[in-house]
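Coordinate inspection notes
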Amino acid sequence: MANAPMAKMDQLDKVEKEIFSCLHTAGQALAEVAKDKPSQKQVEMLVTQFMNSLATIDSSLTDHIRYLSQVSTGQPHEGSSYASQKVLQMAWHRLAHARTRVSELERLKSQHASRLISPAQRQALIQQQQAQDPQQQNQSQQQPQPTAQQQSYNQQQLQQNTSQPNQQPPTSVQSQHLNQGSSS
């Protein structure tokens, strides 16, 4: 397959040389006609040679144009896997983006929930998350491991959630204010 493009390029090089030869023959024919006493036999031979070269060039270029129209129809070429690779790459990119967004939403949910719960409820939530960690580890063995940067970010978030000072549950006035703020 790798030789096919090179063979096409070699054929185009031959066509280019044929065009040069054809132009040279046409120049000789015109030079012969421009003489005071041109040789009819020489002129006819040069014109015949020019016409034969022109026919060869025409058929070669027609073949190349036909080939190019076949391979450039917008459909993937028989040996091409570019389209499939691009679809796969975009799917991986969308998956990574979805994972990032889900983890960000989980982080925001836990931050919001930690502000509205009592210390006992917070401790129960931390224990529940720790109990879910072995299940997530089993699932993550089947999925690609997070990078070191993602791991350090996750550890920082866990430390922030556990190191926040214990807050009292909001009073009814604070709850009304929070509800009004979230409805906007």
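The following refers to the structure shown. This one's a predicted model, so the numbers in the text were calculated from it and none came from an experiment.

Quick word on the overall build of the protein chain
Within the protein chain one finds six helices and zero strands. Put simply, the protein chain runs from its N terminus to its C terminus through helices and strands in the order α-α-α-α-α-α. Out of the 184 residues in the protein chain, the part that is buried amounts to 11%. Of all intrachain contacts in the protein chain linking residues separated by at least 6 positions in sequence, the fraction that spans at least 24 positions is 72%. Taken as a whole, the protein chain presents about 15200 Å² of accessible surface, with 56% of it coming from carbon and sulfur.

Concerning a nonpolar patch on the surface
On the surface, Met6, Met9, Leu12, Ile19, Leu23, Leu61 and Ile65 cluster together into a nonpolar patch covering about 650 Å² of accessible area. At the level of elements, α1 (3-34) and α2 (40-71) are the ones that each hand at least two residues to the nonpolar patch. The element that contributes the greatest number of residues to the nonpolar patch is α1, accounting for five residues. Along the chain, Ile65 falls in helix α2.

A word on the packing of aromatic side chains
Applying the stated criterion to the full structure yields zero aromatic pairs. Just above the ring of Tyr67 sits the side chain of Lys8; from NZ or CZ to the centre is 4.2 Å.

A few points about the environment of Thr56
Considering the arrangement of structural elements, one finds Thr56 in helix α2. When the C-alpha atoms of Thr56 and Cys22 are compared, they prove to be 10.0 Å apart, with 34 residues separating the residues in sequence. At 3.0 Å, the side chain of Thr56 forms a polar contact with the backbone oxygen of Asn52.

With respect to α1
An ideal rise of 1.5 Å per residue puts 46 Å on 32 residues; α1 measures up with 46 Å between its terminal C-alpha atoms. Those residues of α1 that fall on the buried side of the exposure criterion are Val15, Cys22, Thr25, Ala26, Ala29 and Glu32. Looking at the buried positions of α1, the neighbouring elements they touch are α2.

Some points on the packing of α1 against α2
Where α1 contacts α2, the two axes come as close as 9 Å, and the packing angle between them is 155 degrees. Taken as axis vectors, α1 and α2 run roughly antiparallel relative to one another. Crossing handedness for the pair α1 and α2: left-handed.

Quick notes on the rules
Residues numbered from 1 in each chain as written. Predicted model: local features only at pLDDT ≥ 70, side-chain atom pairs only at ≥ 80, totals over all residues. Heavy atoms only, no water. Helix = DSSP H or I, 4+ residues; strand = E, 2+ residues; numbered from the N terminus. Buried < 20%, exposed > 50% of the residue type's maximum accessible area, 1.4 Å probe, protein only. Contact = heavy atoms within 4.5 Å. Areas by Shrake-Rupley, 256 points an atom, 1.4 Å probe, with all protein chains shown as cover. Patch = residues over 30% accessible without salt bridge, like charges linked within 9 Å, V, L, I, M, F, W, Y side chains within 5 Å. Salt bridge = Lys/Arg side-chain N within 4 Å of Asp/Glu carboxyl O. Phe/Tyr/Trp six-rings, centres within 6.5 Å; stacked < 30°, edge-to-face > 60°. Lys NZ or Arg CZ within 6 Å of the ring centre and 35° of its normal. Polar contact = N/O pair within 3.5 Å; in protein donor to acceptor, adjacent residues only side chain to side chain. Expected span 1.5 Å × (residues − 1). Axes fitted to C-alpha atoms, helices over the stretch in contact; angles between N-to-C directions. Parallel < 35°, antiparallel > 145°, perpendicular 65-115°, else oblique. Left-handed = near helix turned anticlockwise from the far one by under 90°.

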